[in-house]
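# Examination of the molecular architecture
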Amino acid sequence: MSPEHNVHVPLSVAEYNKLTQLISTILFTEHPPVIIPAEAILGIEAVAAGIAAPGRTIVNIVTGPYGSLFGKWLERGGATVIEVKVPFDEVVTGDQVASAIKEFSPCALSFVQAEVVTGGSNPAKEIFKIAKEFNLITVTDSVSAVGGEALLVDEWGVDFAVIGAQKALAGPNGVSAVSISPRGWQFLESNKNAPRNSILSLLDLKPSLDGATPLRVAPNIPTLEARALILALTRIEEEGLEQIIQRHERAAAATLAGIESLGLEPWQKDSRHYSTLTTTIRIAGKQDLQIEKPIGIVAPGDGELFGHLLRINHFGTNAARKSVEEAISTLAELLKQDPDQALHAVLLAWGE
């Protein structure tokens, strides 16, 4: 019986190496990631705890609720946080980022790459380019983004990138990863306040940066979740990351065509920065669309966005024409409209 079918066989060193290699490949990095034995929010908090310290000024971009939370964690660690916040129906601009850097001279910059809660996607490549010009340490929450859009860690100069598998990668949510550059490790090691002997300690999990095989696999890594992630990433390798990103782009384009045919307006204002993972719909004044719980991949807004928008979650296995068609049919039913015209718009936009 193969290991992935035997729940009693511990994760082997070979499996662990396969997992780290697959993650490094999709992130376009030569450096092995830290495997986090939990959902990605733990990795995000661990990064905040590891880099925050009195005397460090960090620009934190807030375009959704997770950016706000990350800033609070940085402040808890004693960092001076410069918040660049925009309304949640917008994303940040390069000019806003550059202006904050010039004014406050930070040592690091953090942001969420793809905001599935708001349906926006920040201009990641441009942000990293600006940060590189000022020699800043860079942090990105790319939990949702990877698989739905590109993240070229080494080429773009990304020092910390947190990823999860439960969105575009169509994998489990019980194990995640943090990609850390050699410069990022130096930044952690120079912080005397960085956690040690803690679930939030990245330093305790530092892999061998020379590619040497670990002597053993950390016992707290959930075995079944790790094997499920290996399978998910192997499927991505077989389909091709570029093809998966294109599938997400088609799902987003088809969803947009469908909602516009129904007379609905996207929540996000700038069409250049719509997320490939979720499409959000402005529902103010539309009582028919005030739903309390998800219907298929159509979901109400989270937290403060409840009652203001609907989300269509076309990511992972739902980055498919059938899923988009079902979502558009659901919206048409809520609106008491015939779905045929909108479904035809979906078909045309999908392009098959």
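Starting from 1, residues in each chain are numbered consecutively following that chain's sequence as written. Per-residue local features are limited, in this predicted model, to residues with pLDDT of at least 70; the limit for side-chain atom pairs, both in listing and counting, is 80 or more; totals at the level of whole chains, interfaces and linings are taken over all residues. Working from all heavy atoms in the structure, the side-chain values ignore hydrogens and water.

Per an unreviewed UniProt entry, the protein goes by the name Septum site-determining protein and belongs to Paenibacillus odorifer. As stated in UniProt under Sequence similarities (unreviewed entry), the record for the protein gives "Belongs to the class-V pyridoxal-phosphate-dependent aminotransferase family." UniProt positions are given in the numbering used here, feature names are shortened, and annotations may be inferred rather than shown by experiment. The Cofactor (unreviewed entry) comment attached to the protein in UniProt states, word for word, "pyridoxal 5'-phosphate".

Helix numbering and strand numbering both begin at the N terminus, where a helix is a DSSP run of H or I of at least 4 residues and a strand a DSSP run of E of at least 2. In terms of regular secondary structure, the protein is built from 11 helices and 13 strands. With respect to the three principal axes, the spread of C-alpha positions in the protein is 60 × 60 × 35 Å. Across the 352 residues in the protein, those meeting the buried criterion constitute 57%. Any pair of residues with heavy atoms lying within 4.5 Å of one another is described as a contacting pair. In the protein, once contacts between residues fewer than 6 apart in sequence are set aside, the share between residues at least 24 apart is 69%. Only protein chains enter the accessibility calculation, which uses a 1.4 Å probe; a residue whose area is less than 20% of its type maximum is buried, one above 50% is exposed, and one in between is partly exposed.

Moving on: the sheet that holds strand 4 (residues 108-112). With mixed pairing, 7 strands are arranged side by side in an open sheet as 1-9-8-7-4-2-3. In this open sheet, the two strands that pair with only one neighbour each are strand 1 (34-36) and strand 3 (80-85). Neighbouring strand axes in the sheet, compared pairwise and without regard to direction, differ in orientation by 15° on average. Two strands are counted as paired when DSSP detects at least two bridges linking them. Pairing analysis gives 3 bridges linking strand 2 (residues 57-62) to strand 4, with the strands arranged parallel. Counterpart to I58 in the pairing with strand 4 is A108. As a rule, the C-alpha atoms of each element are fitted with a line to give its axis, helices using only the stretch in contact, and angles between N-to-C directions run from 0 to 180 degrees. The strands touched by helix 1 (residues 13-27) within the sheet are strand 1, strand 8 (160-163) and strand 9 (176-180), with strand 1 carrying the most contacts at an inclination of about 105°. Where helix 3 (residues 65-76) meets the sheet, its contacts fall on strand 2, strand 3, strand 4 and strand 7 (137-141), and the angle it forms with strand 2 comes to roughly 160°.

This part covers the environment of Q21. Summarising the element assignment, Q21 is placed in helix 1. A C-alpha to C-alpha distance of 33 Å links Q21 and V324, two positions 303 residues apart in sequence.

Together, I41, Y66 and L69 make up a nonpolar patch on the protein surface, roughly 240 Å² of accessible area in all. Mapped onto the elements, I41 comes out in helix 2 (residues 40-51). For I41, a relative accessible area of 32% gives the class partly exposed. Patch building starts from residues that exceed 30% relative accessible area and form no salt bridge, then joins like charges within 9 Å and nonpolar side chains (Val, Leu, Ile, Met, Phe, Trp, Tyr) within 5 Å. The accessible surface values rely on the Shrake-Rupley method and a 1.4 Å probe; as for residues, cover is taken only from the protein chains in view. A side-chain nitrogen of Lys or Arg and a carboxyl oxygen of Asp or Glu constitute a salt bridge if their distance falls within 4 Å.

This next bit is on the sheet that holds strand 12 (residues 298-300). Taken in spatial order, the 4 strands make up an open sheet running 10-11-13-12, and their pairing is antiparallel. Every interior strand has two partners, whereas the edge strands, strand 10 (265-266) and strand 12, have only one. The pairing of strand 10 with strand 11 (residues 278-282) spans 2 bridges and is antiparallel. Across the sheet, the residue bridging to E265 is R282, located in strand 11. Sheet strands in contact with helix 9 (residues 241-261) are strand 10, strand 11 and strand 13 (309-313), and its direction is about 20° off that of strand 11.

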